Amino acid sequence: MMDKFKMNAKALLFPTLAGLMAGASSVMAFASGSSSPDLELPKINITTQMLQPLVEGIVANVNVVLPVGLGIMGLMIGIRIIPALIRRFTGA
């Protein structure tokens, strides 16, 4: 009877502790909010002009990587399929 109780206690201990830690961390997060204007972070406005170089860089990289990746994938599939087709039609 005592062994069964120990097993149940161990099975319930981890979820209970995890729930307590999650609850405690959320309380700490709400408690750390400040109403003082001196402690607030500056607000940053992101514009489309700021994102334009990032988008251009991604598009340029995709234009290079996509054809190379498709060529390598086609080569790998060809290496796998062509010998199987030769074996099937030659009866080897």
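Please refer to the structure placed before this passage.
All values reported here derive from a predicted model rather than from experimental measurement. (Residues numbered from 1 in each chain as written. Predicted model: local features only at pLDDT ≥ 70, side-chain atom pairs only at ≥ 80, totals over all residues. Heavy atoms only, no water.)

(A) The overall build of the protein chain, seen in detail. Counting secondary structure elements, the protein chain contains 2 helices and 0 strands. Taken over 92 residues, the protein chain has a buried fraction of 0%. Carbon together with sulfur atoms contributes 73% to the accessible area of the protein chain, which is approximately 8900 Å² in total. (Helix = DSSP H or I, 4+ residues; strand = E, 2+ residues; numbered from the N terminus. Buried < 20%, exposed > 50% of the residue type's maximum accessible area, 1.4 Å probe, protein only. Areas by Shrake-Rupley, 256 points an atom, 1.4 Å probe, with all protein chains shown as cover.)

(B) Spotlight on helix α2 (residues 48-90). For α2, with 43 residues, the first-to-last C-alpha span of 61 Å sits near the 63 Å given by 1.5 Å per residue. G91 sits one or two residues past α2 and shows a positive phi near 80 degrees. (Expected span 1.5 Å × (residues − 1).)

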